[in-house]
Amino acid sequence: MVNVRTIRRLSAADAPRLADLMTAYRRAMGGPAEAMTPEQATPLIERALSEPDLLLLGADHGGAFAGFALAFDLPEIISGSRAGQLDDLFVMPEARGSGLARALIDQLTEIGTARGWTHLRWLVPQDNLTAKRLYLSIADPAPWDSFRIELSQSRSI
């Protein structure tokens, strides 16, 4: 049984706790090592609160703020409808294996169903085998590859 007290949309009051999670996430993904401050997290939360197409969910687990998901509600040209794009999902190491990631995705699928999304899609790092095992148990692999262009470096196309 999953010991999840609450999965909910975040509010501005969550900025200090979200900053701690975002710092851990950035470090886990090889991003900047310096801690994110509540002042840096607050604009993201405020944007999520003001834009209906941006979803920022948080999860309390065992009395601690232990996970978040950031997703977008996007136009989906092929179907002429809308789809969900899960951009970031993170669960603190001490809460992994508890079902928290699955619960965050479940909440997004409920939101997406209510909004009429055709599907929910997301990317996962190629070397994250633990996450891939979970995702393969709840979703089908997408029939496309992912590419990116680093914009912080000079590059001509």
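Quick caveat, the model's predicted, so the values are computed rather than measured.

Caption draft 1: Just the side chain of Glu-76, in detail. When you line up the elements, Glu-76 lands in strand β3 (residues 64-76). For the buried residue Glu-76, which engages in no salt bridge, the nearest side chain bearing the opposite charge is Arg-121, 4.6 Å off.

Caption draft 2: Region of the structure containing helix α1 (residues 15-28). Across its 14 residues, α1 extends 20 Å between first and last C-alpha, which sits within 8% of the 20 Å expected from 1.5 Å per residue. For α1, every residue scored as buried is listed here: Ala-15, Leu-18, Ala-19, Leu-21, Met-22, Thr-23 and Tyr-25. Turning to α1, the residues buried within the fold contact α2 (38-50), β2 (54-61), β3 and β4 (81-91). Looking one or two places after α1, you find Gly-30, whose phi comes out positive at around 80 degrees.

Caption draft 3: Structural context of the packing of aromatic side chains. A complete count under the given rule lists four aromatic pairs for this structure. Centroid distance Tyr-25 to Phe-68: 5.5 Å. Interplanar angle 90 degrees. Geometry classified as edge-to-face. Placement of Tyr-25 in helix α1 and of Phe-68 in strand β3 is noted, with a sequence separation of 43 residues between them. The class of Tyr-25 is buried, set by a relative accessible area of 15%. Grouping aromatic residues by their ring pairs yields a cluster made of Tyr-25, Phe-68 and Phe-90.

Caption draft 4: Expanded view of the pairing of β3. When β2 meets β3, the two strands line up antiparallel, connected through eight bridges. Bridge assignment links His-61 to a residue of β3, and that residue is Ala-64. From the end of β2 to the start of β3, which pair antiparallel, there are two residues, and Gly-62 there has a positive phi angle of about 60 degrees. In this sheet, β4 lies alongside β3 in antiparallel orientation, the contact comprising ten bridges. Considered in β4, the bridge of Phe-68 is made with Phe-90. Hairpin remark: β3 followed by β4, antiparallel, with four residues in the connecting loop; positive phi at Gly-80, about 75 degrees.

Caption draft 5: Broad picture of the nonpolar core. With 23 residues, the main nonpolar core has Leu-86, Leu-89, Leu-104, Ile-105, Leu-108 and Leu-120 as its most contacted residues. Elements supplying a minimum of two residues to this core: β2, β3, β4, α3 (100-115), β5 (117-122) and α4 (129-138). Ranked by residues supplied to this core, first place goes to α3 with seven residues. When neighbours within four sequence positions are excluded, Ile-105 is seen to be in contact with Leu-86, Leu-89, Leu-120, Trp-122, Tyr-135 and Ile-138. Membership of the second largest hydrophobic core comes to 18 residues, among which are Tyr-25, Ala-48, Leu-54 and Leu-70.

Caption draft 6: Representation of the packing of α1 against α2. α2 packs onto α1 with a crossing angle of 105 degrees between their chain directions and a minimal axis gap of 8 Å. The pairing of α1 with α2 is recorded here as roughly perpendicular in orientation. Facing Ala-15, Pro-16, Leu-18, Ala-19 and Met-22 of α1, the residues of α2 in contact are Pro-38, Ala-41, Thr-42, Leu-44 and Ile-45. Along the lines of polarity and charge, the residues of the contact of α1 with α2 split into nine nonpolar, one polar and no charged.

Caption draft 7: Up close: the environment of Gly-116. Mapped onto the elements, Gly-116 comes out in the loop between α3 and β5. A sequence separation of 76 residues divides Gly-116 from Gln-40, and the C-alpha atoms of the two residues are 33 Å apart. In this structure, Gly-116 is in contact with Ser-81 and Arg-82, ignoring residues within four places of it in sequence.

Criteria and thresholds
- Residues numbered from 1 in each chain as written.
- Predicted model: local features only at pLDDT ≥ 70, side-chain atom pairs only at ≥ 80, totals over all residues.
- Heavy atoms only, no water.
- Helix = DSSP H or I, 4+ residues; strand = E, 2+ residues; numbered from the N terminus.
- Buried < 20%, exposed > 50% of the residue type's maximum accessible area, 1.4 Å probe, protein only.
- Lys, Arg positive; Asp, Glu negative; His and termini not counted.
- Salt bridge = Lys/Arg side-chain N within 4 Å of Asp/Glu carboxyl O.
- Expected span 1.5 Å × (residues − 1).
- Contact = heavy atoms within 4.5 Å.
- Phe/Tyr/Trp six-rings, centres within 6.5 Å; stacked < 30°, edge-to-face > 60°.
- Pairing = 2+ DSSP bridges.
- Core = buried A, V, L, I, M, F, W, Y, C linked by side-chain atoms within 4.5 Å.
- Axes fitted to C-alpha atoms, helices over the stretch in contact; angles between N-to-C directions.
- Parallel < 35°, antiparallel > 145°, perpendicular 65-115°, else oblique.
- Nonpolar A, V, L, I, M, F, W, Y, C, P; charged D, E, K, R; others polar.

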